[in-house]
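# Overview (structure and organization)
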Amino acid sequence: YGQQDVMCRRLVTDGEAFAVMLNDSSGNLAVRLLDAEQVAPDLARELGNAWRVTAGVEFDPTGRRIAYHVSRDRPGL
């Protein structure tokens, strides 16, 4: 419940919240929370054939979100 609480607070204060679901070394599901600033807000480029990256989010030609470009490090640390 602690992670859910943090996610809800980030949604209210930042307007967005991110989590990555991973399998840890023993095969168990692990959830890692990310700071919104780790998704590169200044990353924008055209990838060709109508694929694009806007504010760190990659979109396909139909406008669907395909990937998030995330920094490994938290900003300011």
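Up top is the structure.
Quick summary incoming for the structure in this document. These numbers come from a predicted model, not from an experiment.

Next up on the list: the pattern of salt bridges. Applying the stated criterion across every chain, the model contains three salt bridges. One salt bridge in this structure joins Arg9 and Asp5, with 2.8 Å as the shortest N-O distance. With Arg9 and Asp5 both in helix H1 (residues 2-14) and four residues apart, the pair spans about one turn of that helix. Its relative accessible area of 39% is what places Asp5 among the partly exposed residues. Residues Arg10 and Asp35 are paired through a salt bridge, measuring 3.3 Å at the closest nitrogen-oxygen approach.

Analysis parameters
Residues numbered from 1 in each chain as written. Predicted model: local features only at pLDDT ≥ 70, side-chain atom pairs only at ≥ 80, totals over all residues. Heavy atoms only, no water. Salt bridge = Lys/Arg side-chain N within 4 Å of Asp/Glu carboxyl O. Helix = DSSP H or I, 4+ residues; strand = E, 2+ residues; numbered from the N terminus. Buried < 20%, exposed > 50% of the residue type's maximum accessible area, 1.4 Å probe, protein only.

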